[in-house]
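# Geometric and topological summary
If you want the building blocks of each chain, they are given just below.
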Amino acid sequence: MDISLNIILDSISHYRYELHISLPTSLSFRRISPLPRDIVTVKPDCLYICKLSELMRVKEQAPEFYCICLRDRIQDDLETEEKLKNTIVINENLDHVTLFSELQETFMRINDWYWEMQDAVINKKSIQDIITMSEPIIGNFISVTDSAFSLLAYTKNIPTDDPVSVFLIKNGYHSEEMVRKFKQFGRFDVWKKYSGLIIDTSKAISKYTAISKVFTFNDVYYTHVVMTTTHREMTPGLLDLFGYMADILKYKVIENWEKEKNYSHIYNTLVADLMEGNLTERELVDERARIVGFKPNSQYLVMIPAVGREREYFFPGRVARDLTQLFPGMVPVYYNGRLLLLLHHENIARLMEEQDIENRLNAYFCDNNIFCGVSDIFDDLRELPNAYQQAALTLKQLKSCSQNGKIIWDKDRTLSNIAHFRNYYAGCLLDRSDQNEKFWKSSRYGKMLIELYESDLEKNTNNLEVLYTYLINERRASETAAQLHMHRNNVVYRISRIEEMLNIRLDDRLTRINLMMSFLMFRYSSFLRGNKGCEQLLKAPR
């Protein structure tokens, strides 16, 4: 294993030395050795030890190499930067045998630790085992948490007085207050943005500098490793050691992810088999359902949650934990890297009403900026793949519609974060291909809406909104007027003008059907997204 120069510099930090190597550097060395007599045999991956006088004598004869020298001569003009290039000169009364022994001990200690960690992975030892064996090497407090912010492992033999870590050890999870702090100080954004080591010196959350590594899969926050500088100050060498450990932990994290993703739970197994067509016979499905605790004649509902704003972060483990505590009958399942919620009961509609599930669930989703697509209720588990698609398609609609499947014309803050497939049925069935959009734009009814839209922009009117509202209110002028805060007579007049402008009659049923289908295409069209003034039409609900 290669040992970084940064680690070597930490190991000699108790000596006075001159550094003639440019920093920062990613230099590392496979071994350490006394400078050979045959200077042409030096290797670039070896760090050599010698007296400074030896180096001065042979430097010009050898190719480029790296060396730690003990000063044994008085500094003079011969010590040019060129001759001292790539060297570390130790200005101490020290013999090279002692120095070699110290550095050899560092190399052996780091190598032994690294191989011990690798052996732990091979022999299926835990993350806790790797953290424990890292304690004497790293010397700072380290914690590992999962996507539910629950504690997986920590350095049990290294004390900490950091309040965040103390609470985590005592309770086994981060508090709600701490999660709000993570959000307040933008930590979720940082964790999402960077794949390498993340350094936080602000001390806004922890009283110490914190170095962390976040492991994500399919953009899902999964495992978080954090080191706080409780005993050792942050140095490049310490960061390299933490990086070595994180590289090994990655294998365990991937292993855990694969186990969880691939059937580590009986519910996951059942859902995966149903989704992938491995379980199709009714008798076998019923038997598997009984094994996981689903009662005969149960009804089912699939929900798929997702974060509302792009810059927000989604923590499926935490969402799953919270929702199972709020609703014991709800089953969180991971399928294909995605969290879905499966509700089962003999009468779901009655259960939803008796426990006020929709309102309570929506309150949680609003607090956490989560939106949720919901399938139709079904009573045959073999319909799960269709229900999953229903929920997924409905979730996609939320970017431009209310929970009733309507275009968002106003900043209505009472809208739900939960959308049901039954309210998005027509939109979900639309073919949104580029070819289909071309057909729509060139069609009579597509041209009508585009004409109205462009006219509204030019004249600062809202005829498109008036027409849409009139249609969804079944041509009732009074209801339309109330919704738009207009006088009824004004609505009647505006509708007559729109009919004249578009050369249509709204008392024709087929015309109304075609216009509503055109409105659905209009909502998702690139035309709308590419024009100014459409922000309200595409505004996501709350």
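To start, this report covers the structure provided alongside it. (Residues numbered from 1 in each chain as written. Predicted model: local features only at pLDDT ≥ 70, side-chain atom pairs only at ≥ 80, totals over all residues. Heavy atoms only, no water.)

### Describing the overall build of the protein
- Broken down by element type, the protein carries 23 helices and 17 strands.
- Considering the protein as a whole, with its 542 residues, one finds that 51% of them fall into the buried category.
- Partitioning the intrachain contacts of the protein with sequence separation of at least 6 by distance along the chain shows that 62% fall at a separation of at least 24. (Helix = DSSP H or I, 4+ residues; strand = E, 2+ residues; numbered from the N terminus. Buried < 20%, exposed > 50% of the residue type's maximum accessible area, 1.4 Å probe, protein only. Contact = heavy atoms within 4.5 Å.)

### Some thoughts on the sheet that holds strand 2 (residues 17-19)
- Strand order in the open sheet formed by 5 strands is 2-7-6-5-4, and the pairing between neighbours is mixed. Each edge of the open sheet is held by one strand with a lone partner, namely strand 2 and strand 4 (31-34). Taking the axes of each pair of neighbouring strands and ignoring which way they run, one obtains an average angle of 20 degrees across the sheet.
- In this sheet, strand 6 (residues 66-70) lies alongside strand 5 (residues 46-51) in parallel orientation, the contact comprising 5 bridges. Each residue of the ladder has a partner; that of Tyr48, found in strand 6, is Cys67.
- Packed on one face of the sheet, helix 3 (residues 96-122) meets strand 4, strand 5, strand 6 and strand 7 (87-90) and runs near 165 degrees to strand 4. (Pairing = 2+ DSSP bridges. Axes fitted to C-alpha atoms, helices over the stretch in contact; angles between N-to-C directions.)

### So, unusual backbone geometry
- Of note, the amide linkage connecting Leu23 to Pro24 takes the cis form, showing an omega dihedral of 0 degrees.
- Even without a glycine there, the phi angle at Asp356 is positive, about 50 degrees.
- Examined against the element boundaries, Asp356 turns out to sit in the loop between helix 12 (348-354) and helix 13 (357-367).
- Of note in this structure, Asn369 is not a glycine but carries a positive phi near 55 degrees.
- Looking at the secondary structure, you find Asn369 in the loop between helix 13 and strand 16 (370-374).

### Focus: the environment of Ser175
- Mapped onto the elements, Ser175 comes out in the loop between helix 5 (163-171) and helix 6 (176-184).
- Within the structure, Ser175 has its side chain in polar contact with the backbone nitrogen of Met178 (distance 3.1 Å). (Polar contact = N/O pair within 3.5 Å; in protein donor to acceptor, adjacent residues only side chain to side chain.)

### Topic: a nonpolar patch on the surface
- The grouping of Leu510, Ile513 and Met517 at the surface amounts to a nonpolar patch, some 270 Å² of accessible area in total.
- Tracing the backbone shows Met517 in helix 21 (residues 509-524). (Patch = residues over 30% accessible without salt bridge, like charges linked within 9 Å, V, L, I, M, F, W, Y side chains within 5 Å. Areas by Shrake-Rupley, 256 points an atom, 1.4 Å probe, with all protein chains shown as cover. Salt bridge = Lys/Arg side-chain N within 4 Å of Asp/Glu carboxyl O.)

### Focus: the packing of aromatic side chains
- Counted according to the given criterion, the structure contains 15 aromatic pairs.
- On the basis of an interplanar angle of 85 degrees and a centroid distance of 6.0 Å, the ring pair of Tyr48 and Phe65 is categorised as edge-to-face. Of this pair, Tyr48 sits in strand 5 while Phe65 sits in the loop between helix 2 (52-58) and strand 6, placing them 17 residues apart in sequence.
- The buried category is assigned to Phe65, whose relative accessible area is 1%.
- Joined through ring pairs, the aromatic side chains of Tyr114, Trp115 and Tyr244 make up one cluster.
- A cation sits over an aromatic face here: Arg444 above Tyr445, 5.4 Å from the ring centre. (Phe/Tyr/Trp six-rings, centres within 6.5 Å; stacked < 30°, edge-to-face > 60°. Lys NZ or Arg CZ within 6 Å of the ring centre and 35° of its normal.)

### Considering the pattern of salt bridges
- Overall, the coordinates contain 23 salt bridges when judged by the stated rule.
- When the shortest N-O distance is used, the salt bridge between Arg318 and Asp322 registers 4.0 Å. Pair noted here: Arg318 and Asp322 are both in helix 11 (residues 316-326), with a separation of 4 residues, about one helical turn. Neither Arg318 nor Asp322 differs from the other in exposure class; each is buried.
- Salt bridges sharing common partners tie together Glu18, Arg71, Arg73, Asp76 and Glu79.

### A word on the pairing of strand 6
- Among the 5 residues that make up strand 6, 5 are buried, leaving the element largely enclosed by the rest of the structure.
- Along strand 6, one buried face is formed by Tyr66, Ile68 and Leu70 and the opposite face, lined by Cys67 and Cys69, is buried too.
- One ladder, built from 4 bridges, connects strand 6 with strand 7; its direction is parallel. Its bridge partner being in strand 7, Cys67 is matched across the sheet by Thr87.

### Remarks on the sheet that holds strand 13 (residues 299-307)
- The 5 strands lie next to each other as 14-15-13-16-17, forming an open sheet whose pairing is mixed. Each end of this open sheet is capped by a strand with a single partner; those strands are strand 14 (330-335) and strand 17 (418-420). The average angle at which neighbouring strand axes cross in this sheet is 25 degrees, direction not considered.
- The pairing of strand 13 with strand 15 (residues 338-345) spans 5 bridges and is classified as antiparallel. Note on strand 15: the bridge partner recorded for Val302 is Leu342.
- The sheet strands contacting helix 13 are strand 13, strand 14, strand 16 and strand 17, and the helix crosses strand 17 at an angle near 130 degrees.

### Thoughts on helix 3
- With 27 residues, helix 3 should reach 39 Å at 1.5 Å per residue; the first-to-last C-alpha distance of 38 Å fits that figure.
- Within helix 3, the full set of buried residues consists of Leu99, Leu103, Thr106, Phe107, Ile110, Asn111, Trp113, Tyr114, Met117, Ala120 and Val121.
- For helix 3, the N-terminal cap is Asp95; the gap from its side-chain oxygen to the backbone nitrogen of Val97 is 3.1 Å.
- One or two residues past the end of helix 3 sits Lys124, with phi positive at roughly 60 degrees. (Expected span 1.5 Å × (residues − 1).)

### A few points about the nonpolar core
- Residues Ile110, Trp113 and Met245 are the most contacted members of the largest nonpolar core, which totals 52 residues.
- Here the element with the most residues in this core is helix 8 (residues 236-261); it accounts for 10 residues.
- When residues no more than four places from it in sequence are discounted, the contact partners of Met245 are Trp113, Met117, Ile130, Ile131, Ser134, Ile138, Ile142 and Val225.
- Among the nonpolar cores identified, the runner-up in size contains 33 residues, and Val271, Phe378, Leu398 and Phe421 belong to it. (Core = buried A, V, L, I, M, F, W, Y, C linked by side-chain atoms within 4.5 Å.)

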